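# Analysis of the macromolecular model
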Amino acid sequence: MDLKNKKIVVLGLANKRSIAWGILQNLKARGATIGICYFHQSNLKRVKPLAEEIEADFYIEADVTKTEEIENLHNVIKEKWGTFDGLVHSIAFSPSEEFNKRFHECSKKGFFETLDISAFSLVSLCQVLKPLFSNNFSIISMTYYGSKKVLPGYNLMGVAKAALESITMYLAHDLGRDGIRVNAISAGPIKTLAAVGIPNFSTFLDNIKDHSPLKKNVTIQDVGNLASFLLSDNSSSITGQVHYVDAGISIVTK
Ligand code: NAP
């Protein structure tokens with residue numbers, strides 16, 4: 001699969017363990033032109049060497065809760081590329097204390113913060129960046145099965161992932177008339193920075209190894225392979241879907 005004619009922006013690179021890094025490496029191997037967004041200045045020392053390794057055209061800071069920072073991203077893309085062909089949303093956040101409560105004790109502030117960063121931000125990005133979307137534009141985001149089944153402790157993040165999957169459908173329906181596709185990837189658990197705050201995370205990893213059809217955990221490279229397909233013209237009739245990369249665990253009752 002060749003992505004030589006594709007210019008793609010990836011948001012959510014924190015470090016080498018990030019799912020965004022697996023996607024970026026895969027995009028690079030297929031010849032895509034790449035732009036990177038990271039959350040905060042404090043990430044720069046980890047992001048810079050990675051961005052240089054894959055020869056990104058640019059790497060800039062953007063907090064997705066701040067419209068002016070998304071507008072800055074718009075201006076950078078416009079100046080560097082004019083238009084672009086794909087957007088990867090690999091971002092989530094919920095305050096750490098929200099993972100360690102009974103669900104009915106979640107706070108309103110935590111609810112809105114989690115939903116804002118992890119779900120609404122996909123809509124914000126489309127609102128600001130849409131004028132720069134090329135024909136056959138493809139958008140992908142990252143979700144998890146905790147949207148559909150209760151995973152004790154996943155709490156507000158499960159609610160946010162349910163919202164993100166619903167947003168995927170509604171955006172796909174709305175933007176389809178403009179030739180824009182929107183899909184979500186539901187990855188099995190992977191040990192990243194975002195994942196370590198989830199209670200009993202290592203038992204999820206063991207569970208996949210023991211009970212999934214493929215008896216293994218998934219990697220950021222596995223996610224990268226699917227991401228490249230969904231960003232390519234090979235998936236040009238696929239939109240509004242949640243695609244599982246989870247060693248098959250979502251079909252098993254246990
Ligand atoms: P990660 O490396 O920690 O990536 C999450 C990214 O979101 C980080 O770069 C983080 O920046 C960024 N972020 C947080 N708040 C932000 C904001 N306001 N604006 C912009 N960026 C912000 O963890 P990951 O596991 O790769 O997560 C990527 C996506 O995959 C998330 O949507 C996650 O829910 C999803 N996912 C993960 C798994 C898993 O098991 N790891 C499974 C399925 C789906 P900072 O690090 O600076 O906070």
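Presented here is a report on the structure given in the accompanying data block. (Residues numbered from 1 in each chain as written. Predicted model: local features only at pLDDT ≥ 70, side-chain atom pairs only at ≥ 80, totals over all residues. Heavy atoms only, no water.)

## Details of helix α4 (residues 108-129)
Along an α-helix, residues three or four positions apart point the same way, because every turn accommodates 3.6 residues. With 22 residues, α4 extends 29 Å from end C-alpha to end C-alpha; this agrees with the ideal 32 Å at 1.5 Å per step. At Phe120, α4 shows its maximal kink, close to 55 degrees. (Helix = DSSP H or I, 4+ residues; strand = E, 2+ residues; numbered from the N terminus. Expected span 1.5 Å × (residues − 1). Bend = angle between axes of the 7 residues up to and from the residue.)

## Brief notes about the nonpolar core
Among the nonpolar cores identified, the biggest contains 47 residues, and Leu73, Phe84, Leu129 and Ile139 are the most heavily contacted of them. Of all the elements in the fold, those that place two or more residues in this core are β1 (7-11), β3 (58-61), α3 (67-80), β4 (84-89), α4, β5 (133-143), α5 (155-175) and α7 (201-211). If you tally residues by element for this core, the top one is α4, at nine residues. Once you skip the residues sitting within four places of it in the chain, Phe84 turns out to touch Lys7, Val9, Ile77, Leu129, Leu132, Phe133, Ser134 and Phe137. With 36 residues, the next largest nonpolar core counts Ala20, Ala56, Ala227 and Ile249 among its residues. (Core = buried A, V, L, I, M, F, W, Y, C linked by side-chain atoms within 4.5 Å. Buried < 20%, exposed > 50% of the residue type's maximum accessible area, 1.4 Å probe, protein only. Contact = heavy atoms within 4.5 Å.)

## Digging into the site of the ligand
Around the ligand, 28 residues are found, and the nearest of them are Ser18, Ile19, Lys161, Ile190 and Thr192. Within the backbone of Ile91, one N or O atom sits 3.1 Å away from an oxygen atom of the ligand. Between Ile190 and the ligand, the recorded distance is 2.7 Å, taken from a backbone N or O atom to an oxygen atom. When isolated, the ligand has an accessible area of 880 Å², and the protein chains bury 92% of it. Mapped by element, the contributors of at least two residues to the shell around the ligand are β5 and α6 (193-196). A class-by-class count of the residues in the shell around the ligand yields 19 nonpolar, seven polar and two charged. (Near = heavy atom within 4 Å. Polar contact = N/O pair within 3.5 Å; in protein donor to acceptor, adjacent residues only side chain to side chain. Areas by Shrake-Rupley, 256 points an atom, 1.4 Å probe, with all protein chains shown as cover. Nonpolar A, V, L, I, M, F, W, Y, C, P; charged D, E, K, R; others polar.)

## Here we look at the sheet that holds β4
The strand order across the open sheet built from seven strands is β3-β2-β1-β4-β5-β6-β7, with neighbouring strands paired in parallel fashion. Of all strands in the sheet, those bounded by a partner on one side alone are β3 and β7 (242-245). Direction aside, neighbouring strands of the sheet carry axes that sit 20 degrees apart on average. The pairing of strand β2 (residues 33-38) with β3 spans four bridges and is parallel. The partner of Ile36 across the bridge, within β3, is Tyr59. Sitting on the sheet, α3 is in contact with β1, β2, β3 and β4, with an inclination near 165 degrees to β3. (Pairing = 2+ DSSP bridges. Axes fitted to C-alpha atoms, helices over the stretch in contact; angles between N-to-C directions.)

## Brief notes about the pattern of salt bridges
Per the counting criterion, the structure on display carries nine salt bridges. As a salt-bridge pair, Lys101 and Glu98 come within 3.2 Å of each other at their nearest N and O atoms. For Lys130, the salt bridge is made with Asp178, and the minimal N-O distance between the two is 3.3 Å. In this pair, Lys130 sits in the loop between α4 and β5 while Asp178 sits in the loop between α5 and β6 (181-187), placing the two residues 48 residues apart along the sequence. (Salt bridge = Lys/Arg side-chain N within 4 Å of Asp/Glu carboxyl O.)

## So, the packing of aromatic side chains
Here the structure, examined in full by the defined rule, presents nine aromatic pairs. Their ring planes at 50 degrees and their centres at 5.2 Å tell us that Phe58 and Trp81 sit as a pair that is tilted. Of the two residues, Phe58 sits in strand β3 while Trp81 sits in the loop between α3 and β4, which places them 23 residues apart along the sequence. Here the two residues Phe58 and Trp81 agree in accessibility, since each one is buried. With a centroid separation of 3.7 Å and an interplanar angle of 5 degrees, the aromatic rings of Phe133 and Phe137 are classed as stacked. Of the aromatic side chains, those joined through ring pairs into one cluster are Phe58, Trp81, Phe84, Phe133 and Phe137. (Phe/Tyr/Trp six-rings, centres within 6.5 Å; stacked < 30°, edge-to-face > 60°.)

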